[in-house]
Amino acid sequence: MRSLLRLWPFVRPVRARLFTAAFVAVVASCIGVVIPLVLKWLVDGPVAAGDTGGVWWGGGCLLLLGLAEAGLFGLRRWLVARPTAGVEAAMREALYHRVQRLPVAFHDRWASGQLLSRATTDLQLLRLFLVFPLTFLLVNGATIVVGCAILLAQRWSLGLVLLAPVLPLTVMCSVFQAKYAQVARRAQDQLGDLTTVVEESVLGIRIIKGFGRHRSQARAFRELIRSVRATELRKARLLSVVWGANTLLPELAVGTALVLGAVQVADGRLSAGTLVAFLSTALALRWPVDSIGFLLAMSSAAATAADRCFEVLDAPLADDPAAPDRAADAGGGRTGGAPPAGGLVFEGVGFRYPDAPPDTPATLRGVDLHIRPGETMALVGATGSGKTTLTALVPRLYDPTAGRITLDGRDLATLSRDEARALVAVAFEEPTLFSATAAENVLMGAAGTPDADRAAGRSGRQDERDHPRAARDTEDGRDTGDGHGDRDVLADRTGLATARQADQEAALRRALEVAQADGFVAALPQGAATEVGEQGMSLSGGQRQRLALARAVVGRPRFLVLDDPLSALDVHTEALVEAALRNVLATTTALVVAHRPSTVLLADRVALLSDGRIAAVGTHRQLLRDSPEYAALMSGAAEPGDGGPAHGSGPDAGAGRGPARTTGTGPHEGESAR
Ligand SMILES: Nc1ncnc2c1ncn2[C@@H]1O[C@H](COP(=O)(O)OP(=O)(O)OP(=O)(O)O)[C@@H](O)[C@H]1O
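As annotated in an unreviewed UniProt entry, the protein carries the name ABC transporter and is attributed to Streptomyces albospinus. In UniProt, the protein has this text filed under Subcellular location (unreviewed entry): "Cell membrane".

Right, dumping it as structure tokens:
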């Protein structure tokens, strides 16, 4: 129950309305208990005396009390609707923000369905708790206390008979609560697993259909449904036991009290009115008592839901902005007083995934690499050598576990994640698009532009992995973000909005051109304003990759990290994109993961990553000559002439190596086709 108390910060802003609603409900409930007293007066007074006028008057009172009770319960419902929906919305927002800000390492560990079920089912359970159990446990408790007091006051001996079940019921309810909490936790976790499977099946529908796996998938799903069903049945069994006992024991007590009361009326020791009032009061307490089991079950489910939500809300964020001790640690590795080098520098960088088995070597070990300002460095290595891992360190998706990285001399550890992402733009091998328009998807990469923010907020699927915050280009004075400088002061709001829109349109056009995406985007039904569908599924793989590339370059980033961004392009498009990319790369410092010579040739130099270390750095030609490993990696592919077209024959074609793309026989052709 302590976890439910943690909801207080969310409930606090609406506490006045919730307390008012609870007070109204207590009053309404107490009216229900008072009605039997009027009944007693009616039976013992006007009815016994044959006073018709009095009977009408009493009947009118009962009607008014009934109406007041119904009206007050209606008012309570109205009072709680808005604030509880508000609490649910606030919690959902907090959860979403947290999920967005949590490090990638967290997302590596958590199944998406577990997060989804928390943001949907669990929050609904919490809202239901605020609407019903929170109020009614209080209201029913108050009603039972007032009702019992009235019963005891009317006839204490009969009252004690009615109170007899209280002790066994209390014991049973506490046992039930403990057991139900365990089962509720299991049910909600299983629902999270189920959500993950549904999500994966929907996202992977092409693979499932393509490989004819729908039957085995359905079988696996059925297994999960069975376990969810078994858990739900266990919940129902527990609930039925407590509900049954909560109904049976009070009924037995009321029956006993009825017999004893009737005997006392027959003996003349008790008035008929008192017995009627006594039994009416007892019956008025039936619902408050019966519903306790159900309310406790809802509270248990809500406590579990709160636990599950706070597991995410409490998950630690990575240090941001960089903690001073981290910065000091990182700086400790510097040698001498030499000023830090410009460009992108890796100094003794090591990295181990948090969930990697302790007995395995770190993924990256002692990586030293200097990419000079304006230089493009290709990163080549065998599969699993750590290329993607190394690129993920630059936008701070992960932090190095050893050594440090500097951007133009600034230690990455001393930059906040936002600062780092404003300097670095990324495009990954698997392009992620959002259900927004093509323009919105691209403009997400333009740091700070209102439309980009709107697009990100609107789509609500901004992802740490794929949210390149591109840099303002201060060198040539052109801003694509909020650096509108003087114009901000001079322009009126309309003018400013128009100017910004014009800037964005220009940036969008340029980025689409660079990524060779302008042609197919213009051919979409509504051009750049066309919705690209969930995950951009209405586009081809190559089109998605070009839009992701446009997003990476739209903000004219100072540092560009590309993880094999051309893998899904056909030979013709790849040549076009490469040609355009050359212009972009000429103005940035870039690290490009490359699997084939055509991509390598975009770079000034090449770094060979081998088993988590930089094994060699040099030009493509030097490495081909000096590094057997590099030559082996590039084998089966011809080296096209420097600066020449990236495909077809090159100097090394004479060495008998055909272009990887066209032959498709080299070891990396298979990879690039992933
Ligand atoms: N989230 C993760 N948790 C634990 N280990 C991981 C994680 N991601 C990658 N690894 C491991 O780190 C190693 C390097 O992976 P990485 O993706 O960086 O290789 P790569 O060189 O980019 O490979 P490829 O060329 O196939 O894309 C692999 O052994 C991989 O299994």
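J.: Help me out: how do you make sense of the sheet that holds strand S2 (residues 364–371) in this one?
T.: Through backbone hydrogen bonds, the strands of a sheet pair up, either in parallel or in antiparallel fashion. Taken in spatial order, the four strands make up an open sheet running S2-S1-S4-S5, and their pairing is antiparallel. Here the strands that pair on one side only, and so sit at the sheet edges, are S2 and strand S5 (410–411). With two bridges connecting them, strand S4 (residues 402–407) and S5 associate as antiparallel partners. Counted as the bridge partner of Leu 407 is Arg 410 from S5.

J.: I'm lost on the site of the ligand in this one. Help?
T.: Near the ligand there are 13 residues, and of these Tyr 353, Thr 383, Lys 387, Thr 388 and Thr 389 occur at the shortest range. Looking at which element gives the most residues to the shell around the ligand, the answer is helix H15 (residues 387–393), with three residues. Taken together, the residues that form the shell around the ligand break down as two nonpolar, eight polar and three charged.

J.: What is the right way to look at the nonpolar core in this model?
T.: If you look at soluble globular proteins, the nonpolar side chains tend to sit buried side by side. Judged by nonpolar contacts, the single largest core of 85 residues is most densely connected at Leu 379, Val 442, Ala 511, Ala 550, Val 553 and Val 592. Viewed by domain, this core spans two of them, domain 2 (322–374 + 382–415 + 596–674) and domain 3 (416–569), each represented by three or more residues. Beyond its immediate stretch of four places on either side in the chain, Val 592 contacts Thr 376, Ala 378, Leu 379, Leu 562, Thr 599, Leu 602 and Ala 603. In terms of nonpolar packing, the next biggest core, distinct from the first, is built from 65 residues, Val 87, Phe 129, Tyr 180 and Ala 257 among them.

J.: What is the right way to look at the packing of helix H6 (residues 112–131) against helix H13 (residues 286–313) in this model?
T.: Any two packed helices are characterised by how steeply their axes cross, that is the angle between the axes, and by the distance between the axes. At their nearest, the axes of H6 and H13 sit 8 Å apart, and the two run at 140° to each other. Considering the angle they form, H6 stands oblique to H13. When the axes of H6 and H13 are compared, the crossing they make is left-handed. The segment H6 lies against H13, with Leu 115, Arg 118, Asp 122, Leu 123, Leu 125, Leu 126, Leu 128 and Phe 129 engaging Met 298, Ser 299, Ala 301, Ala 302, Ala 305, Ala 306, Arg 308, Cys 309 and Val 312.

J.: How do you make sense of the pairing of strand S9 (residues 605–610) when you look at a structure like this?
T.: The side chains of a regular strand alternate between the sheet's two faces. As paired strands, strand S3 (residues 376–381) and S9 are joined by five bridges and run parallel to one another. Looking at S9, one finds that Gly 381 is bridged to Leu 609. Where S9 lies against strand S10 (residues 613–618), five bridges are found, and the strand directions are antiparallel. Within S10, the residue paired with Ala 607 across the bridge is Val 617. Here S9 folds back onto S10 in antiparallel fashion, the turn holding two residues, of which Asp 611 has a positive phi close to 55°.

J.: I would appreciate a short explanation of the pairing of strand S1 (residues 344–351) in the present structure.
T.: Of all the eight residues making up S1, six are buried; the element is thus mostly covered by neighbouring parts of the structure. Where S1 meets S2, five bridges bridge the pair, whose relative direction is antiparallel. Residue pairing for S2: Leu 344 is matched across the bridge by Ile 371. As defined by bridge partners, S1 adjoins S4 across five bridges and the pair is classed as antiparallel. Counted as the bridge partner of Val 345 is Thr 406 from S4.

J.: Is there a simple way to explain the environment of Leu 72 in this structure?
T.: Assignment of secondary structure puts Leu 72 in helix H4 (residues 52–101). Here Leu 72 falls in the buried class, since 20 other C-beta atoms lie within 10 Å of it. With 46 residues separating them along the chain, Leu 72 and Val 26 place their C-alpha atoms 9.4 Å apart. In this structure, Leu 72 is in contact with Val 24, Val 27 and Ala 28, ignoring residues within four places of it in sequence.

Quick notes on the rules
Residues numbered from 1 in each chain as written. Predicted model: local features only at pLDDT ≥ 70, side-chain atom pairs only at ≥ 80, totals over all residues. UniProt positions renumbered as here; feature names shortened; annotations may be inferred. Pairing = 2+ DSSP bridges. Helix = DSSP H or I, 4+ residues; strand = E, 2+ residues; numbered from the N terminus. Near = placed C-beta within 6 Å. Nonpolar A, V, L, I, M, F, W, Y, C, P; charged D, E, K, R; others polar. Core = buried A, V, L, I, M, F, W, Y, C linked by C-beta atoms within 7 Å. Buried ≥ 20, exposed ≤ 12 C-beta atoms within 10 Å, placed from the backbone. Domains from an automatic or database assignment. Contact = placed C-beta atoms within 7 Å. Axes fitted to C-alpha atoms, helices over the stretch in contact; angles between N-to-C directions. Parallel < 35°, antiparallel > 145°, perpendicular 65-115°, else oblique. Left-handed = near helix turned anticlockwise from the far one by under 90°.

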